Structure formats: C-alpha cells, structure tokens
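A closer look at the structure
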Amino acid sequence: MFRNQYDTDVTTWSPAGRLFQVEYAMEAVKQGSAAIGLRSKTHVVLGCVNKANSELSSHQKKIFKVEDHIGVAIAGLTADGRVLSRYMRNECINYNFTYESPLPVGRLVVQLADKAQVCTQRSWKRPYGVGLLVAGLDESGAHLYYNCPSGNYFEYQAFAIGSRSQAAKTYLERRFENFADSSRDDLVKDALMAIRETLQGETLKSSICTVAVVGVGEPFHILDQETVQQMINAFEIVGEQEGPAAEPDAAAGQEAAAEQGGSTDEGVAPMDI
C-alpha cells in the first residue's frame, strides 16, 4: 500500500515543493456543494446549492451574514466555515466599537487570509478545509473576494467554487462583461442561471438553492424561498416565449419576399405556418 511520507504535518515540504495537507484542504473545497458570487457596481449576489447528505436529513447552511454590509458563502467543511464566519463577525464588532465605522471589506479579507495562512506554518495546526466567497459593500464600492485555504485571496467580478463549479464558471465567463452595469434583478437571474449549470440536468427549484443580496441601500439578507421560486418561474417563462417569438418574424419575412417577387396569386390560400 502506497504511503505518502510528506503529508504527516502541514510544515513538511515534498521534494517537489508541495504542501500536501494544503492541497488536501483545497480538494475539500472542490468536493463541497457549489457556491457562486457575482457583482455589479452597486450590488453583490451570492448563491449556493443546498445538498443534503441523505434524504432523511436537512441541508446545512452555506451562506452566513457577517455584518449589514458583508456576507459569505462557503464550499467545503461547513464546521470550518462557521468558525471563520464567527471570527469575521467578531472582527467587525471590534472594529465598529473602536472606530465607530463599518469595517472595510478588503481589510477584513486580509485578516481572514492571515488567519488561514498561520495554519500552514504551525505543525500542530491544520489548514481550514473551506473556501469563502466574501461579498461586501463599503465606501469604495461593491466587492467580491475568494479566500483560499492556503491563505491566498483574490478579488473577482464573478466566481464559482465547489463541486461542478467549472460549468458555472463557463457561464459566468461568457456574461461577466455585462455584470458591471447590471441591475439587481439581472444579477439574481444570472446567479440562478449559473447555479442551474452546476445541477447537471436536475430541475432548479428554490428548495435546492439559496440566494443572498447586498447592495446600495440594501443590507445583506437572504432571499426567502417564495421570492426565489417566483424569479425562477419568471425566467423560465421568458425563456419559453423567446423561442416562438421568432416565428411571426419569419412569417413576415416570407410575406415581404412574396410581395417583392410579385408572384402571389389572388384567391390562393396563404401557407399555414
């Protein structure tokens, strides 16, 4: 049986310069249920897939409110996500108590990344096996960050993590240029469409997804299931109407071509379309 002698603790480097325990934590993020984030100039939308371990259990919460202007969506070990969200909540409270102003999103992300990085340089610790999408709004605008278990962090216009997230990334990459000027409802629509891409044929319902919004004049909150289901139904109706709507245009084009050609006979019944 193969045994890896370089993954006994997080401070042991392999000859190739790899930290296997950090890679294991990043793999835990890839195996978690999908989480999606996208932002415009004024709003940030987070979405996640609710996946239960069995039919007899309920799903675990994947989106957490940190402050009125900050929220997170997680993928990976939910227990680690709860620990880090509580840490972020305490940092926001302490900053607000000291400076009487809300904590900037970028500063909180740096503190979170430093906390995660410490776990990669202490042999008695382990990396947090969770990835976080941090959505927030501050004086500099709307922000969306991804915090990695390795301690790295990146700012994105739109991003997806978790199981089957590549399909959602492909959708977001095709649409991200329009996100900056999108309205709130358009962002929610794109988030739901991206979530649908990760389901691989499963019907999108409000019971299997969670959507949260933060924006100008709108504190961070999770949309209730009825509102999400109404949006899903509205989008599906629009998609069904777009197809048949092209048929009258085609019929009008055929009639115009017939008039230009001058070959139509009076008394001849028009062709059924």
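A brief report on the enclosed structure follows. This is a predicted model, so every value here is computed, not measured. (Residues numbered from 1 in each chain as written. Predicted model: local features only at pLDDT ≥ 70, side-chain atom pairs only at ≥ 80, totals over all residues. Heavy atoms only, no water.)

**Some words on the sheet that holds strand β8 (residues 158-161)**
- An order of β8-β1-β2-β9-β10 is seen for the 5 strands of this open sheet, with the pairing classed as antiparallel. The sheet is open, and its two edges are formed by β8 and β10 (218-222), each paired on a single side. Neighbouring strand axes in the sheet, compared pairwise and without regard to direction, differ in orientation by 10° on average.
- In this structure, strand β2 (residues 43-49) lies alongside strand β9 (residues 209-215), joined through 7 bridges in antiparallel fashion. Residue pairing for β9: Val 44 is matched across the bridge by Val 214. (Pairing = 2+ DSSP bridges. Helix = DSSP H or I, 4+ residues; strand = E, 2+ residues; numbered from the N terminus. Axes fitted to C-alpha atoms, helices over the stretch in contact; angles between N-to-C directions.)

**Overview of the pairing of strand β3 (residues 63-67)**
- Sheet topology places β3 next to strand β4 (residues 70-76); 4 bridges connect them, and they run antiparallel. Within β4, the residue paired with Lys 65 across the bridge is Gly 71.
- The turn joining β3 and β4, which pair antiparallel and follow one another in sequence, is formed by 2 residues.

**Quick look at helix α4 (residues 165-175)**
- Among the residues of α4, Ser 165, Ala 168, Tyr 171 and Leu 172 are the ones counted as buried. Buried residues of α4, seen end-on, are gathered within an arc of 120° and therefore sit on one face of the element. The outward face of α4, more than 90 degrees from its buried face, is lined by the exposed residues Glu 173 and Arg 174. (Buried < 20%, exposed > 50% of the residue type's maximum accessible area, 1.4 Å probe, protein only. Arc of directions from axis to C-beta.)

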